[in-house]
Amino acid sequence: MKKFNFRKVLDGLTASSPGGSAGGGGAGGGSAHPGGTAGAAGTPREEIQETLTSDYFQICKTVRHGFPYLPTALAFDPVQKILAIGTRTGAIRILGRPGVDCYCQHESGAAVLQLQFLINEGALVSACADDTLHLWNLRQKRPAILHSLKFNRERITYCHLPFQSKWLYVGTERGNTHIVNIESFILSGYVIMWNKAIELSTKTHPGPVVHLSDSPRDEGKLLIGYENGTVVFWDLRSKRADLRAYYDEAIHSVAWHHEGKQFMCSHSDGSLTLWNLKSPNRPFQTTIPHGKIQRDGKKPESCKPILKVEYKTCKSSEPFVIFSGGLSYDKACRRPSLTIMHGKAITVLEMDHPIVDFLTLCETPYPNEFQEPYAVVVLLEKDLIVVDLTQSNFPIFENPYPIDIHESPVTCTEYFADCPPDLIPVLYSVGAKHKKQGYSNKEWPISGGAWNLGAQTYPEIIITGHADGSVKFWDASAITLQMLYKLKTSKVFEKQKPGEGKATAEIVEEDPFAVQMMYWCPESRIFCVAGVSAYVVVYRFSKHEVNTEIASLEVRLQYEVEDIITPEPEIIPQFPDASSHLFVCFYFAPLLSVKTRPVRMPPGYQADLVIQLVWVDGEPPQQITSLAVNSAYGLVAFGNCNGLAVVDFMQKTVLLSMGTLELYGSSDPYQRQPRSPRKSKQFAAGLTELSDSPVSLELERCKSPTSGKGDWLLFLQPPTCSLSCMEELSKEDLSPWLDKCVFCIYKSESWVSPVLWIHCADNQLNCGASASERRLYFAGTVLTLKGAVLTFACLDCTGTLIHPPYEVWRDPHSADDGEKTRKRKLVMHSPSSSQDMGDHQFAVICSEKQAKVFSLPSQTCLYVHNITETSFLLQADVVTLCNSVCLACFCANGHIMTLSLPSLRPLLDINYLPVTDMRIARTFCFSNEGQALYLSSPTEIQRLTYSQEMCDNLQDMLGDLFTPVETPEAQNRGFLKGLFGGSGQAFDREELFGEATAGKASRSLAQHIPGSGGIEGVRGAAGGVIGDLTRARIALDERGQKLGELDERTASMMASAEAFSKHAHEVGLFQP
C-alpha cells in the first residue's frame, strides 16, 4: 500500500492557492495571502522559486550538555570505563571520553535511587523511587529499556549485582531481600525474610536493608546490613545465618577487605567499626576519625554521620579508607568534605557543594584481589570531580566535560552555526592562557566509549551570559561542547563597597552585573553586552595585552513633563511644543562606577567603551530592552521603555538620545492628551519621583502579549560620521518601550542607504528613511502588526537574505599595522547600486501573533500569515537552511513551526516542547542549518534540530557507549591458596535461585513490564528469526570461548599439581 504523505499535500494546496488559508495547526491556524499589489515588484511567486518543502524538516533532540540537574546516584563500569549519573527528575547521564555523552529519561520521572552496571556487558540497572527496576541496553547509541519490574508491596532501598552474575539482590524497606534474574527480569522464589535473618529472640524490627554484598572469599555468602546496626552473614546454600553482628549505632554503609575476612561499617555517630568474621561479638577496632580525644580516656565525642565508606587495599602500601561526612559538630561552618586515610596520614578534602555519592576507581573488577585504587570520583550537588590517589597531594583531574555551565546562573544565550572557521582556534588560544593550574598530569580516567566527528563539519559557537557578569564562549561543533574563552564584564567596574552594593540591590533585583542581552558580530569580532544595571559595554578583540583607560559615556533616557499653573515670567520655553511646560531634570550618577585608572587587559576581548544610563528626575534608569550593533558604521543602538540612543563607539560620541514619543513623529496613531498634574511622592532625600514603577517585559509577554493595540516598527538612516548629541524631549505616559532594533540596508526608489529598524511595543510599523548623510530623519507610513515584533529581516529580489555590512577584523593593538593597513576594510554583502540590487526588496517581520512580508520601497504588504490566535510566539528568527531561507518560530503552547519565505507557506508545525518553565522561554534560540537550543534545567543546555538531514545523520554523530573490550583475567591465586584459602565448593546461582529449586515468586509481589528498547549492533538490531539466530550464535561463541578458557585453566592447574607432586617426591627422597 502506498504511504500517504500529508505534508506534501499541504505543500501542494498552499502553493496552488495563494489567497487561500494555510493551517497553523495547534498554534491557532493562520492565513497567507497577498496584502495588496506588488506594484513595480511584480508578483513574487512568479519570480522566486522557493526550494524548501516540508520534506526538509524534522524535529529531534540531539544532545544535552552540562551538569546533571539534582543528582542522586553514581555508578562506574571499571572495564568499559564509563560513568552513569542518576537524578531526582528520573534522568540518567552516561559519560565516557570527551564526545561520549548520552542522556536517558525514565518516563515516570521518578527519582533514581541507585545504578548498577552489568560490568562489560553493555547494560545498566536503575532502581527508581517508584519501586521499579529497569534494565537499559547500552549497546546502542540511544539506550532503551529492555525490561522493567515494578514492586507492588515493598519499597526498594538497596541493590547489589555481583561481578559476572545474572542475579540481582534487592533489599527492601521491610528488611527482606529478593533476587531478580537479570536476563528475564523475573523475580526468583528465593527470598531472605528479615525475621529469619535476625535471631528469633530479637523482638524489634531491624529496619530497612541499607547494604548487600557477597563475600569476596565465598560467593555463596551474602552480607546484609540493616539500618539499626545489625549485620547478618547469610549462607545462601543452607538458607541460614552464619553469624550476626550488632552495634548500637545506625549503619550507613559497609565495605569489604578484599580477602573476605574483615569488613568495615560506617555509623551515624561518625565512627568506623572494623569486624572480623572469626569474632563477630564485637568490633575489634572502633575509631571516630574526626572526634576529639577526651583527656580522661573516655570514648571520643560523637561527630556527624559517615554516610559512606570504602575500604581499598594495595599490594605495595597501606590500604585506603575513604569516607564522606564524619566531621565534628563544633565546626558547623566547615564545608562538606571527603576524608582519605592512607596508613597514618589523614587528608581532608573540602568541597564547594554537598557530597551526593563517591566511588573509588580500581585497577581490577574482581573483589577478591588487591584493589589498587587510583582515583576517586566525587559527585557533588553541582559538580563532578575526580581525585588522583597516585600522588601524595591528591590533585584533581582537569574535567573535560562542560559541567560548569551553571558556575553562575545562565541569564541569556546566543547560538551561531556555520560561523567563520578561524574563530574557534583564536578563542581557544586566548582562553587557554587563563586556565587554572595544579591539575593532575595523568589522563582523564573516564575514557570509555568511542566517538567520531561525523559528516557535520561547519563550526558552531554558543555564547552564554551569566548572573555574575561573565560571558562564556563554547565550541559546539559536531554536537560536542567545550569552553573556549571566558570574559568577565564586571572587571570594567569598580568593586562595590558594602553601602553602595545595598543601594544598587534595592534598584536591581538580580545581580548588578547580570548579563541581560548580547550582540556578537563574528566577522568583525565586535562584542556588545547589555547589563541589568542599565549599561552597555562594547568589546574589541585583540591578541595583545594592553594597559589603558576605559572610555565611558553617560546617556539620559528618562524625561518627564510637569504642568505649571503659573510659570515664572523669566522662564523661556526651550521647545516650541512645550510652551506651557517646564522641563525638570535632576542628574545623578549611574548605578555602577567605571574604573578611571588604567586597567591591564589580557589578550582576548577588551573593553573599548562603556555606555551607562543615568538617574534622571530622581528615578533610576530602566533596564535595556533592545540592542543592535554594526561594525561597518561603528554604531551601537539601544533602548528601553523611555527611549532610544545611538552611539558612535569609534569616536565615543552620542549621536542620538530621544524619548519614545519622538519615534512616532507626525504618524502617532493614538491621541495623546497632555498629562494632568499629579501629586509628587517624596523620598527621604527630598527628591521627587516622576514616573511609575517599571514593568517586566518578560512578565507582560507571558501574561498578555497584546492588549488590543498593534506593535510598531520604525527605521532610520544612521549617519556616516559622528553628530552632536540631540536635546532630550518630553515623554507621555502612554509611550511604549523600545523592544527591537536592527541595522540593515534599505533601498528606496532612487538610492540605497543603511537604516536602523526600531520596534516599539505599540504594534505599529513606522517606516521612514532619509538620503541625507548628515542627519537622522524619520518619515512616514505606519504599518500595524498583531503582538510585539520578534524578528525582522530583509531579502533581495531573488529571495536571498541580505546580511548587514561589516568591518573586517584587524587587531587594534597590533604593532605591525602601518598607516596604509590602518584603513578600515568594509564588506558589503548586498550590492551598492540599485541596478545590481534589483527593483525591490522584501521585508520580513514576525510578531507574537503573525508574520508579514512587505515589498520595499513601495511598503506594500504582500503576504500575511496569522500564526496563532490562542497563544503567542516566544521566539522567531529568519534562518538559512540548505542554501535557502525560512522563518522559524517557537510558540508558548509548545509548537515549533517553520514558514517558507517570502510566501509564508507552513512547512512544519509540531507540538514538541511544552513551556514548563520561564527558563525555556528566556533561553530558547534558533540558529542556521536547522539548529536550536534552550536551557532545559538550571545546569543543562538541550540542543535540538529541525533539519531532516541532521536527523538522518545524527546516528553517525553520536558516540558509542559500548565498545568490545576483553574482560581482564583474574589473578592466578596459586594451587595452595585456591585449595585452602577459600571455599572449595563451587557456587551455582542458577541451581539455587532458578525456578526448579526456588519455585516462582508471588505474582502480587512484583509485575514484569516489557520494555520498548531493542538490541543493536553485535547483539542483533532486528527481532525475529534473524535476531534469534544471531543471539544464539553469539551465545555459542561466548560459551565456546569460556570452555576454551576453562580447558586452559584446567591444564594449568594439572601442570601445577604435577610440579607440586614432583617437588614433594624430591623432598621425601631427601628425608632420612
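Please read these numbers as outputs of a predicted model, since none were measured by experiment. (Residues numbered from 1 in each chain as written. Predicted model: local features only at pLDDT ≥ 70, side-chain atom pairs only at ≥ 80, totals over all residues. Heavy atoms only, no water.)

S.K.: Pulling in residues and values, what's your account of the overall build of the protein?
M.R.: What the protein contains, in helices and strands, is 14 helices and 68 strands. Residues classed as buried in the protein amount to 53% of the 1072 residues present. For the protein, the exposed surface amounts to about 48,500 Å²; the carbon and sulfur share of it is 52%. (Helix = DSSP H or I, 4+ residues; strand = E, 2+ residues; numbered from the N terminus. Buried < 20%, exposed > 50% of the residue type's maximum accessible area, 1.4 Å probe, protein only. Areas by Shrake-Rupley, 256 points an atom, 1.4 Å probe, with all protein chains shown as cover.)

S.K.: An account of the environment of L935 is requested, with residue identities and associated values reported.
M.R.: Summarising the element assignment, L935 is placed in strand β66 (residues 931-937). The class of L935 is buried, set by a relative accessible area of 2%. Sequence-wise, L935 and T413 are 522 residues apart; in three dimensions their C-alpha atoms are separated by 8.6 Å. The contact partners of L935, leaving out residues within four places of it in the chain, are V410, R919, I920, T923, E940 and I941. (Contact = heavy atoms within 4.5 Å.)

S.K.: Got a sec to walk through the sheet that holds strand β46 (residues 643-648)? Specific residues and values, please.
M.R.: Ordered in space as β44-β45-β46-β47, the 4 strands form an open sheet in which the pairing is antiparallel. The open sheet terminates on both sides in strands that have one partner only, identified here as β44 (626-630) and β47 (653-659). Averaged over neighbouring strand pairs, the angle between their axes works out to 10 degrees when direction is ignored. Two elements, strand β45 (residues 635-639) and β46, share 5 bridges in a ladder whose sense is antiparallel. Bridged to L635 within β46 is D648. (Pairing = 2+ DSSP bridges. Axes fitted to C-alpha atoms, helices over the stretch in contact; angles between N-to-C directions.)

S.K.: Could you give an account of the environment of A793, naming the residues involved and the relevant values?
M.R.: Tracing the backbone through its elements, the reader meets A793 in strand β55 (residues 789-795). Residue A793 is classed as buried on the basis of its relative accessible area, which comes to 10%. Sequence-wise, A793 and W757 are 36 residues apart; in three dimensions their C-alpha atoms are separated by 9.7 Å. In contact with A793, other than residues within four places in its own chain, are L801, F842, A843, V844 and V878.

S.K.: Please provide a residue-by-residue account of unusual backbone geometry, values included.
M.R.: The peptide bond linking L901 to P902 adopts the cis configuration, its omega dihedral lying at 5 degrees. Within the element layout of this structure, P902 appears in the loop between β63 (895-900) and β64 (906-911). Even without being a glycine, A478 presents a positive backbone phi close to 55 degrees. Among the structural elements, A478 can be located in the loop between β32 (470-475) and β33 (482-488). The phi dihedral of R525 falls on the positive side, at around 60 degrees, and the residue is not glycine. When you line up the elements, R525 lands in the loop between β34 (515-521) and β35 (526-531). Overall, the relative accessible area of 5% leaves R525 in the buried class.

S.K.: Which residues make up the packing of aromatic side chains, and what values do they have?
M.R.: A complete count under the given rule lists 26 aromatic pairs for this structure. Both rings, one in F163 and one in Y366, keep their centres 5.0 Å apart while their planes meet at 85 degrees; by these two values the pair is edge-to-face. You can see F163 sitting in the loop between β11 (156-160) and β12 (167-172) and its partner Y366 sitting in the loop between β27 (355-362) and β28 (373-380), a full 203 residues away along the chain. Accessibility expressed as a relative area gives 14% for F163, which makes it buried. Members of the aromatic cluster, joined through ring pairs, are F416, F473, Y485, W520, F527, Y539, F541, Y605 and W809. Over the ring of F358 we find K308; its NZ or CZ atom is 5.2 Å from the centre of that ring. Directly above the aromatic system of W809 lies the positively charged group of R525, at a separation of 4.0 Å from the ring centroid. (Phe/Tyr/Trp six-rings, centres within 6.5 Å; stacked < 30°, edge-to-face > 60°. Lys NZ or Arg CZ within 6 Å of the ring centre and 35° of its normal.)

S.K.: Go over the sheet that holds strand β65 (residues 925-927) with me, naming the residues and quoting the values.
M.R.: The 4 strands are arranged β2-β67-β66-β65 in an open sheet whose pairing can be described as antiparallel. Each of the sheet's edge strands pairs with one partner strand only, and the pair in question is β2 (57-66) and β65. With direction set aside, neighbouring strand axes in the sheet form an average angle of 25 degrees. In terms of strand pairing, β65 meets β66 through 3 bridges, oriented antiparallel. Bridged to S927 within β66 is Q931. Running at roughly 50 degrees to β2, helix α10 (residues 948-957) makes contact with β2, β66 and β67 (940-947) of the sheet.

S.K.: Can you break down helix α4 (residues 423-432) residue by residue, with the values?
M.R.: Within α4 the residues assigned to the buried category are L423, I424, V426, L427, V430 and G431. Down the axis of α4, the smallest arc covering the buried residues is 165 degrees, so these residues share one side. Of the surrounding secondary structure, the elements contacted by the buried residues of α4 are β31 (460-466), β32, β33, β34, β36 (535-542) and β43 (604-616). (Arc of directions from axis to C-beta.)

S.K.: I'd like a rundown of the nonpolar core, residues and numbers included.
M.R.: Note that soluble globular proteins tend to have their nonpolar side chains buried in a common cluster. Counting residues in each nonpolar core, the largest one holds 36 residues, and the members touching the most others are F473, F527 and Y605. Ranked by size, the runner-up nonpolar core spans 24 residues in total, among them L795, V885, L887 and C889. (Core = buried A, V, L, I, M, F, W, Y, C linked by side-chain atoms within 4.5 Å.)

S.K.: Tell me about the side chain of T880, residues and numbers included.
M.R.: Along the polypeptide, T880 turns up in strand β61 (residues 873-881). Apart from the residues within four sequence positions on either side, T880 is in contact with L801, V885, N928, E929 and G930.

S.K.: Quick rundown of the pattern of salt bridges? Include the residues and the values.
M.R.: Side-chain pairs of opposite charge can arise where the charged atoms are in close proximity. Considering all chains together, one arrives at 28 salt bridges under this definition. For D131, the salt bridge is made with R155, and the minimal N-O distance between the two is 3.2 Å. One end of the pair, D131, is in the loop between β8 (123-128) and β9 (132-137); the other, R155, is in the loop between β10 (144-151) and β11, with 24 residues separating them in the sequence. We classify D131 as buried; its relative accessible area is 10%. On the accessibility criterion, R155 (43% relative accessible area) is partly exposed. (Salt bridge = Lys/Arg side-chain N within 4 Å of Asp/Glu carboxyl O.)

S.K.: Mind laying out α10, listing which residues take part and the relevant values?
M.R.: Regarding α10, the residues found buried are M950, C951, L954 and M957. For α10, the arc enclosing every buried residue in end-on projection is 115 degrees, short of the 170-degree limit, so these residues lie on one face. Away from the buried face of α10 by more than 90 degrees, exposed residues E949 and D952 are located. Where α10 begins, one side-chain oxygen reaches toward the backbone nitrogen of E949, 3.3 Å away; that side chain belongs to S947. (Polar contact = N/O pair within 3.5 Å; in protein donor to acceptor, adjacent residues only side chain to side chain.)

S.K.: So, the confidence of the model for the protein: which residues are in play, and what are the values?
M.R.: A residue-level look at the protein finds 72% of positions with pLDDT of 70 or above and a mean pLDDT of 79. Mean pLDDT across the secondary structure elements of the protein bottoms out at strand β49 (residues 688-689), with 27, and peaks at strand β4 (residues 82-87), with 98. Predicted confidence for residues 669-737 stays below pLDDT 50, and this span has 216 contacts to residues more than four positions away or in other chains. (pLDDT = per-residue confidence, 0-100.)

S.K.: I'd love a proper account of the pairing of strand β17 (residues 230-235), names of residues and values included.
M.R.: Most of β17 sits out of view: 6 of its 6 residues are buried. Alternating positions in β17 separate into two faces, T230, V232 and W234 on one and V231, F233 and D235 on the other, with burial throughout. Direction of pairing for strand β16 (residues 221-226) relative to β17: antiparallel, over a ladder of 5 bridges. Residue pairing for β17: G225 is matched across the bridge by V231.

S.K.: Tell me about the side chain of T464, and name the residues and values.
M.R.: In this structure, T464 sits in strand β31. Of note is the side chain of T464, whose polar atom sits 3.1 Å from the side chain of W474.

S.K.: Report on the environment of H267, specifying residues and quantitative values.
M.R.: Looking at the secondary structure, you find H267 in strand β20 (residues 262-267). Taking the C-alpha atoms as reference points, H267 and S253, separated by 14 residues in sequence, lie 7.6 Å from one another. Look past the residues within four positions of H267 in its chain and what remains in contact with it is Y247, E249, A250, I251, H252, T273, P305 and I306.

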